[in-house]
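Fold and geometry: a report
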Amino acid sequence: MKRARIAVDGEIHAGEYRDGVVETDAGQFVVGEDGTLAPPCNPSALYCVGRNFAETLDQMEYDVPDQPAFFIKPPASIVAHEEPIPYPTFSDEVTYAGELCAVVDERCHDLTEDEVPDVIRGYTIMNDVDALDQPGRTARKAFDGSGPLGPWIETDLDPHGIDMHTDINGERRQEANTELMLFDPYEIVSFLSERFTFRPGDVIAFGSPANPGLIEPGDTVEIFYEGVGTLRNEVAPPER
């Protein structure tokens, strides 16, 4: 089942998404007519793992990590499906990364890998927007608009062995399968849960395959994950 949130007249309604309609307790809302899709959850943080695909290590000339390497994006980084990505005013070298994400359903801490499926609400997609010319991982990856998220949460998904691809203006730039991850999704959630207490709606992103090329204002980024759907955003000019 796809769980979505829709913004209608300044209010957010949540329910099941089906064929362009979100069915909520307040009624049925047609996406694009009654309102627009909001971010699929309201996290306290987005916990992101990098360097989790072998081809990414080869591209960036990184060593194979002994444990997941992670960073955190704030809620301010989120933009919804079809919402413009603001090109940062402080960077001239911005890239993208199509990532599968788990959404936490309950407060939890220090999970075993076997316990992980029981606390996951479902899966969604994130674009890890990265200002490559900034110093340090936080400056590169944690800023307004750096975490497009959506379009909804798929509640019935096994994250293992699913295909993905990313297109920029219709050109295929990324293509991989989650079986190529160095660290299993459940292993990542367990690892991070030993360090952080997760809250409902928190997001855990599992990393991205190699991402050749940059994005510029006017580009359209489409990230597809099998069984979830497609996250689509256009890159907007810098707001100075």
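Please read these numbers as outputs of a predicted model, since none were measured by experiment.

Residues Leu-100, Tyr-123, Leu-192, Phe-198, Ile-204, Phe-206 and Tyr-225 are the most contacted members of the largest nonpolar core, which totals 52 residues. When residues of this core are assigned to their parent elements, the largest contribution, 5 residues, is made by helix H4 (residues 185–193). Residues contacting Tyr-123, with those up to four places away along its chain left out, are Leu-100, Cys-101, Ala-102, Trp-152, Ile-153, Glu-154, Leu-157, Pro-159, Tyr-186, Phe-206 and Val-228. Among the nonpolar cores identified, the runner-up in size contains 12 residues, and Cys-48, Phe-71, Met-126 and Leu-149 belong to it.

Looking now at H4. At 3.6 residues per turn, the α-helix brings residues three or four places apart onto the same side. Of all 9 residues in H4, 8 are buried, a share of seventy percent or more. Buried residues along H4 sit against strand E6 (46–50), strand E7 (69–73), helix H2 (116–119), strand E12 (120–127) and strand E17 (203–205). Between a side-chain oxygen at the N-terminus of H4 and the backbone nitrogen of Tyr-186 the separation is 2.8 Å; the capping residue is Asp-184.

Moving on, we get to the pattern of salt bridges. Taken as a whole and judged by the stated rule, the model has 13 salt bridges. Taking the shortest distance from any N to any O, the salt bridge between Asp-105 and Arg-121 comes out at 2.9 Å. Pair noted here: Asp-105 is in the loop between strand E11 (98–104) and H2 and Arg-121 is in strand E12, with a separation of 16 residues, a long-range link. For Arg-121, a relative accessible area of 26% corresponds to the partly exposed category. Salt-bridge contacts for Asp-128 lead to Lys-141; the nearest nitrogen and oxygen are separated by 2.7 Å. In this pair, Asp-128 is assigned in the loop between E12 and strand E13 (130–131) and Lys-141 in helix H3 (residues 137–141), connecting sequence segments 13 residues apart.

About the cut-offs
- Residues numbered from 1 in each chain as written.
- Predicted model: local features only at pLDDT ≥ 70, side-chain atom pairs only at ≥ 80, totals over all residues.
- Heavy atoms only, no water.
- Core = buried A, V, L, I, M, F, W, Y, C linked by side-chain atoms within 4.5 Å.
- Buried < 20%, exposed > 50% of the residue type's maximum accessible area, 1.4 Å probe, protein only.
- Helix = DSSP H or I, 4+ residues; strand = E, 2+ residues; numbered from the N terminus.
- Contact = heavy atoms within 4.5 Å.
- Polar contact = N/O pair within 3.5 Å; in protein donor to acceptor, adjacent residues only side chain to side chain.
- Salt bridge = Lys/Arg side-chain N within 4 Å of Asp/Glu carboxyl O.

Geometry only, nothing functional implied.
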